Structures are given as C-alpha cells and as structure tokens.
Protein chains: 2
Amino acid sequence: MKLVIVGSVALDAVKTPYGEVENVLGGSAVYASIASINFCETGIVGVVGRDFPQEHIELLKEDGICLEGLQKKAGKTFFWKGVYNNLNNAETLDTQLNVFADFNPVIPENYRNCDFLFLGNIDPILQMQVLDQVKNPVLTAMDTMNFWITGKRPELLEVIKRIDVLFINEEEIHMLTEEKNILKAAQIAQDMGPKLIVIKRGEYGALAYSRDFLFFSPVFPVLDVVDPTGAGDSFAGGFMGYLAASGKVDYPEIRKAMMYGTVTASLTVEDFSLNKLKNADRKFIEDRLQKLREYVEF
Amino acid sequence: MKLVIVGSVALDAVKTPYGEVENVLGGSAVYASIASINFCETGIVGVVGRDFPQEHIELLKEDGICLEGLQKKAGKTFFWKGVYNNLNNAETLDTQLNVFADFNPVIPENYRNCDFLFLGNIDPILQMQVLDQVKNPVLTAMDTMNFWITGKRPELLEVIKRIDVLFINEEEIHMLTEEKNILKAAQIAQDMGPKLIVIKRGEYGALAYSRDFLFFSPVFPVLDVVDPTGAGDSFAGGFMGYLAASGKVDYPEIRKAMMYGTVTASLTVEDFSLNKLKNADRKFIEDRLQKLREYVEF
C-alpha cells in the first residue's frame, strides 16, 4: 500500500452561517483519504458502527480507497456536532465516541509495508500502536490537537519523537511549545524529533519549517467558506498523497506538497462535508494549482 | 521629485516586551521615506515643532531625503506614546497632536510634478488638499485607519475615489466595507475607486487585489519582533519606492513591490524606531528578497 491513513470515521452534524447538515460523512481519516486518493493508492484504518450508511461505504469504494482496515463494530458510529459562529472556530455541541471509544487500530498485513503513513488526530496511545505495527515506512506524519497536548502530553511527546512530519495548528504549536514567536516555536517542536513541522494557520495558509528550510503557502482564497470542517485533514491528505505519489521527499517536492494540500483544503471548505472534494478530479486541482502559482510568484 | 510622501513626523515613546524607548524618531512620513529612499529620490511633507532634535533632521538629510516640504512651527512636535502587550496591537497611552493639530500641507513647487505620491495616514481632508496641489502623478496611494473610517467617512470616501492604491489593515477593510470575506471586502473597496487594494495582515503578510489580479506576500519572518511601530508605513514606503524607481506600473512590478515592502517592514520591526532600517543598504535588502523568494516559490 502506498499511503495508509489512520483516524476517525464519523457522522457529523454541522451548522454554519451558510446552512445546516445532519448525519453527513466526516472524520479525519475520511477527509484525508478522499484528498489523497486524487494522487495515490490509499488505504484507510478506522472504525464505524452498524448504523454507518452503506452509501458512505460505496462513496469511499468508488473513489478507490482501500477499506480493508475499516472495522465495523456493534454500536453507533462516532458522532460530532458543531456550530461555526464565525468561520475560524467550531464550537462543539456534542461528541459521542460510540464505537470509537474502544478503537483498536489493527493494521492489515497488506498495509504494514506501506511507504507513507498518516496518523490523523487520535489518542497518541493509538498512534503509537500503529507505529509499532508498520515496517519502516519512507515517511510518517501525524496530526494532533489541544486535547492531547494538555491531556496526554508524555504519550504525545513519545509519538512526536518517532514521526517525520508533525502537522499542527498555529494555536496548538504555541500551546505545545509555550513559545509565541512562530519560528522559535517551530524550532522547539522540531527539537522534539520530527524532520519537518507543518503549521496550519487557517485563513492565513500554512508554513513548513525545518532548521534549514522555510516555506509559506497562502490559502487558495474562495468567495464562500461554507463549512471549514475537515480543512486541516484535507490539507494533510493532499500533502501526503502528492508526496507519496512523487516518491521523492526533498524540499522542492515538499513545496509542491504544501501547495497541493492548500488546493485540496480549498475544495473542502467550499461545501458541506465532502460534497465538493469528492467530485474534484486531478485536472480541476491542477488548474487551481496554476492559479496559486500566480498568486505567490514574483 | 520622483516620490513625495506626506504624513506625520513624530516623537514616540514605546514600550514592548523587549524594552522601552522615549522621544525617538517616528511618524508615518518618516518610516515611509526612510524605507523608500533605498530605491528612489524622495521628498517629505510634514511638520515638526521647535523641540524636534537636530540629530533627526541630520539623519533624514544624510539619508538623502529632501526636506523642502518639512515645515518647522512654533510649538511641540506630534507625540505618541504606546505600549505593546502583545506584538500585534499597540495600546495608545498618550497622543499629543501639538503642531500637527494645525498641519496645513503645502506642497513645494519642486514636488508638484512628482511621479509618485504617498499619502500617509492623516485626516482625509488634508489628504484631499494634497491631491489638489499635485499635477497628474503616475500613481497616487494612501493609507488610512479606523479613526477616519468611523469619524470622517464621507471625506475619506472622496479621497479613496481619487487615488490609485489603497493601503489598509485587514481589520480596517472589514470595517470600511462591512464585509468579512477578504476577497469580497477587497472587491467592495476597489469599487470605491482605487485600481489596487493592498491589505496589510500583520504577522500574516499582505495581499494585493484588483478584479483581475491577486497576490499574497508572507511576512519575512524574524526571530525577535522588538517593536512593530511603523511596519505598515515601511511596507508602503518600500512598495512605493520600488515602483517609483522602476517607473513601470504593471502586475509583475507590483508583485516585486509587495516583496520589497515585505523586506523593508521586516527591518523596521527588528529594532526600536528606525534603528535597523536606517542602516540597511540595498545589498542587505536584496539578500532578504532572495531568501523570501525561496520561502514562496514552488
């Protein structure tokens, strides 16, 4: 398997100034894998309950995502309900872990020698269990969030020490490192182990940092940010998918991966759930990438 | 005169987490002209009081800035005192307009046929008086702030209608246009008259917008933002100075002007007052520009 993605598979209820949806497909592993499948073979690891609609399974299959690692358990699927009063911050109204509470990520034999691995934002103890099951991937990456930074810091630091790329929100890197200057914070995070730190800055884009490398991507601007849910996971999925397809991990390729991540995230936010991203083809993505080049090159 | 800059000339007292200074050189016209003089002939229009230290006059002269438009009046120089509790927002502790209260911008004969004109952030009535005195410049630009947006909106809109480039902070364009989406806000602002809108986003860089053009610049990141005072004016000064020196106003040149503005602003924030910017030469600026290219091109 070229790229394996581990994370949540969810049913979401989301309200934004643009409208309201209920029981739609969501979760970090879903956003990331639908983003990456435009670039490379992708297998998903996650868990759903018996209530998970067959149409969502069909969507993932039709897109070509391998579901060998998707467990189905007795009980209900992980459920998240949130409202965006502004488009930068979600207020969580309800979280029901359901089958996700006992998630035990088992990596299928066929995934264990994957080239690239993305650990979505889940309990660092589970992230570690996944790392223990894979055989020497070319590149491992992870995402995390404030909940683990404050609640399971020692375990989180153990995972961070072992991976190559850390994806993290701007607020959360300040929380992780207790440093306000973004460059200094990135350096402190890198000293924790990763070769590359990718900081997601919401409507201000993202930056990639290592001691001898710095790269800024803007957002790909859209007129209507309908629903920001999954933007960060789509960014990571586009980034990882492009790099995995390329096979080369060097700075020129990382620059491009940042831009593919940017374009992929822009598709996610233009509609609820995966409504826009799931229909985007590579041609559409390349057209946006070309525009993005005009927006930054001088 | 190639470029004329109109604005405040001030004595500042500033406190930041890095230290505290008193009675140092400041003001929008000073920051912008010391930024632009690296690129082109620049004349300043402003007013100081009898207390204005001769050493500041000498500094401006030595840098090659034309002071024919700098009036000296009985009374004290404009004084501003502020504290930065974080490095994004200044809290004003004291403002004494002094001689600036009766500022009557008289454009010297030698300035009236200037090619480029920058109207720093002053009363829109004064900005209009300056526009009435110049003869058909190639490009006119202005800055403004929340105080005028709320306090003198009709007069401000009259000025905006007449100029080519509007420099404005991100918060302030939302205030001016009553629109939260940055692209839509930029379009509404452009519909007010200017050919180009340049939105300054603090630590997130800047963007330039017109109906058929969009360009993002990041900040040039520095490890220690010692004092952000004057960053926006230095950005505008670098931008205008580069364009005026080039003489061509087209999109490729505007892209470069954005980047020269970015580099110039980075010098300003690395020390109090103009301590770093005043000593920077073109070679130093070009080196940073080269780095900046690596940070954005893919």
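This brings us to the overall build of chain A. When helices and strands are tallied, chain A shows 10 helices and 13 strands. For 298 residues, the compact-globule estimate of 2.2 N^0.38 gives 19 Å, and the C-alpha radius of gyration of chain A, at 18 Å, lies within 12% of that figure. In terms of overall dimensions, chain A has a C-alpha envelope of 50 × 40 × 35 Å along the principal axes. The buried share of chain A, taken over its 298 residues, is 50%. Counting only contacts in chain A whose residues sit at least 6 apart along the sequence, the fraction spanning at least 24 positions is 67%.

Here the focus is the sheet that holds strand 6 (residues 78–84) of chain B. All names here are of chain B. Spatial ordering of the open sheet is given by 3-2-6-7, a layout of 4 strands whose pairing is mixed. The sheet is open, and its two edges are formed by strand 3 (19–26) and strand 7 (90–96), each paired on a single side. Neighbour-to-neighbour, the strand axes of the sheet open up by a mean angle of 15°, direction not taken into account. Where strand 2 (residues 10–16) and strand 3 come together, 6 bridges link them in antiparallel fashion. Counterpart to Val 14 in the pairing with strand 3 is Val 21.

Listed by partner, the interface residues are 18 residues for chain A and 18 residues for chain B. Here the residues of the side of chain A that touches chain B are counted per class, giving 13 nonpolar, 1 polar and 4 charged.

Let's shift gears to the pairing of strand 13 (residues 213–217) of chain A. With 5 bridges connecting them, strand 12 (residues 206–210) of chain A and strand 13 of chain A associate as antiparallel partners. Of the residues in strand 13 of chain A, the one forming a bridge with Ser 210 of chain A is Phe 213 of chain A.

All names here are of chain A. Buried within helix 5 (residues 153–162) we find Leu 156, Val 159 and Ile 160. Viewed along the axis of helix 5, the buried residues span an arc of 100°, placing them on a single side of the element. Exposed side of helix 5, more than 90 degrees from the buried face: Pro 154 and Lys 161 are the residues found there. The inward-facing, buried residues of helix 5 contact helix 3 (124–133), strand 9 (139–143), helix 4 (146–151) and strand 10 (165–169).

All names here are of chain B. Overall, mixed pairing links the 9 strands, which are arranged 5-4-1-8-9-10-11-12-13 in an open sheet. The two strands at the open ends of the sheet, each matched to only one other strand, are strand 5 (66–73) and strand 13 (213–217). Ignoring strand direction, the axes of neighbouring strands in this sheet form an average angle of 15°.

With that settled, the discussion passes to the relation of the copies chain A and chain B. Each copy of the sequence occupies a distinct position, and chain A is placed on chain B by a rotation of 180° and an axial shift of 0.0 Å, giving an RMSD of 0.0 Å. Each copy turns onto its partner about a two-fold axis. A shared binding surface is used by both copies, with 100% of the interface residues of chain A retained as interface residues in chain B.

This part takes up the nonpolar core. If you look at the biggest cluster of nonpolar residues, it comprises 200 residues, and the most contacted ones within it are Phe 118, Leu 166 and Ile 199 of chain A together with Phe 118 and Leu 166 of chain B. Each residue touching Phe 118 of chain A, except ones within four places of it in the same chain, is listed here: Leu 3, Ile 5, Ala 32, Ala 141, Ala 236 and Met 240 of chain A.

Residue and element names in this part refer to chain B. Examined against the element boundaries, Phe 79 turns out to sit in strand 6. Spatially, the C-alpha atoms of Phe 79 and Gln 96 are 5.0 Å apart, while their sequence positions differ by 17 residues. Apart from residues no more than four positions distant in its own chain, Phe 79 is found in contact with Ala 10, Leu 11, Asp 94, Gln 96 and Asn 98.

Attention now moves to the environment of Lys 135 of chain A. Residues and elements named next belong to chain A. With respect to the secondary-structure elements, Lys 135 resides in the loop between helix 3 and strand 9. Residue classification places Lys 135 among the exposed positions, given that 9 C-beta atoms sit within 10 Å. Sequence separation between Lys 135 and Ile 173 is 38 residues, and the spatial gap between their C-alpha atoms is 29 Å. The residues contacting Lys 135, other than those within four sequence positions of it, are Arg 112 and Asn 113.

What follows deals with the pairing of strand 5 (residues 66–73) of chain A. As a general feature of sheets, a regular strand has side chains that alternate between the two faces. All names here are of chain A. Looking at chain direction, strand 4 (residues 42–49) and strand 5 are connected through 6 bridges and run parallel. Across the sheet, Gly 49 pairs through a bridge with Lys 73, a residue of strand 5. For the crossover that starts at strand 4, traverses helix 2 (residues 54–63) and ends in the parallel strand 5, the hand is right-handed.

Parameters at a glance
Residues numbered from 1 in each chain as written. Chains lettered and ligands numbered in written order. Predicted model: local features only at pLDDT ≥ 70, side-chain atom pairs only at ≥ 80, totals over all residues. Helix = DSSP H or I, 4+ residues; strand = E, 2+ residues; numbered from the N terminus. Rg over C-alpha atoms; globule rule 2.2 N^0.38 Å. Buried ≥ 20, exposed ≤ 12 C-beta atoms within 10 Å, placed from the backbone. Contact = placed C-beta atoms within 7 Å. Pairing = 2+ DSSP bridges. Axes fitted to C-alpha atoms, helices over the stretch in contact; angles between N-to-C directions. Nonpolar A, V, L, I, M, F, W, Y, C, P; charged D, E, K, R; others polar. Arc of directions from axis to C-beta. Least-squares fit on C-alpha atoms with pLDDT ≥ 70 in both. Core = buried A, V, L, I, M, F, W, Y, C linked by C-beta atoms within 7 Å. Right-handed = clockwise from strand over helix to strand, strands pointing away.

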